[in-house]
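Residues per chain, in single letters:
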Amino acid sequence: MRENTIRSIIHLDMDTFFVSVERLLDSSLNGKPVIVGGGHRVVVAACSYENRTHGVHSAMPMKSALSLCPEANVISGDMNNYSYYSKLVTEIIKSESPLFEKASVDKFYLDVSGMDRYFGCSEWVKELRKKIINESGLPISMGLSQNKMVSKVATGEAKPNNTRQILPGTEIQFLEPMPVHKIPMIGKKTSELLRSKDVKKIETLIINKFINLHLQ
């Protein structure tokens, strides 16, 4: 790859993956609140968007989740099914992408830098997403930018089941208005610490970094 080639990094996320697989296998669950967990699990492994409006989220104690959404359909889940669909999507990506990284069972990074010389990256992303949806039946969200972090954030903003491209040179403009917890790897405790120091938006972090660079 030539040094002046603009990088094009895709982050791909299979939306509410466990729930989506369960709905693929049982269409009666479509549109209903679904929690994957139960059985030997004491926490929520995954939940549908319908649950999230009640405040339910992954890793929440099952007892708390059911108190917030008692009408939820609780499914113990089957890792064999999830593994099957994860491998199916992996094989589709492998057949289409020159370079990719499987970050987890339902998340991937793809480096398609230089693809725009032959076929626009944004169009390639749409075609890949369409192929995955058609062949797997699963909803997919994707983000495209120059680096992994921005692409991951873009995917979050694209959800559910959509795409978002951040053009080169617009990354800061895209990130600035967002709350700091949108930055990958900033968890609840770090987010609370930053808020206690009146750092609520990414804009503040960017400004502070700029000031520190110019004071050195």
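Refer to the structure printed above.
Okay, so let's go over this structure.

## Focus: the sheet that holds strand 4 (residues 73-75)
Link 1 in the chain: Spatially, 3-2-4 is the arrangement adopted by the three strands of the open sheet, whose pairing is mixed. What marks the edges here is a single partner per strand, and that holds for strand 3 (46-47) and strand 4.
Link 2 in the chain: Both strand 2 (residues 34-36) and strand 3 contribute to a ladder of two bridges, which runs antiparallel. Paired with V36 across the strands is A46, a residue of strand 3.
Link 3 in the chain: Its contacts with the sheet place helix 1 (residues 17-25) against strand 2, strand 3 and strand 4, and it is angled at close to 115 degrees to strand 2.

## Describing unusual backbone geometry
Link 1 in the chain: A cis amide bond, omega 0 degrees, links K159 with the succeeding residue P160.
Link 2 in the chain: Here P160 is to be found in the loop between helix 6 (148-158) and strand 8 (163-165).
Link 3 in the chain: The backbone of M185 sits at a positive phi, close to 80 degrees, despite the residue not being glycine.
Link 4 in the chain: Its location among the elements puts M185 in the loop between helix 7 (171-175) and helix 8 (188-196).
Link 5 in the chain: On the accessibility criterion, M185 (82% relative accessible area) is exposed.

## Observations concerning the pairing of strand 5 (residues 100-104)
Link 1 in the chain: Here strand 5 pairs with strand 6 (residues 107-111) via four bridges, running antiparallel. Looking at the pairing, S104 lines up with K107 of strand 6.
Link 2 in the chain: Turn length for the strand 5-strand 6 hairpin, with the two strands adjacent in sequence and antiparallel, is two residues.

Cut-offs applied
Residues numbered from 1 in each chain as written. Predicted model: local features only at pLDDT ≥ 70, side-chain atom pairs only at ≥ 80, totals over all residues. Heavy atoms only, no water. Pairing = 2+ DSSP bridges. Helix = DSSP H or I, 4+ residues; strand = E, 2+ residues; numbered from the N terminus. Contact = heavy atoms within 4.5 Å. Axes fitted to C-alpha atoms, helices over the stretch in contact; angles between N-to-C directions. Buried < 20%, exposed > 50% of the residue type's maximum accessible area, 1.4 Å probe, protein only.

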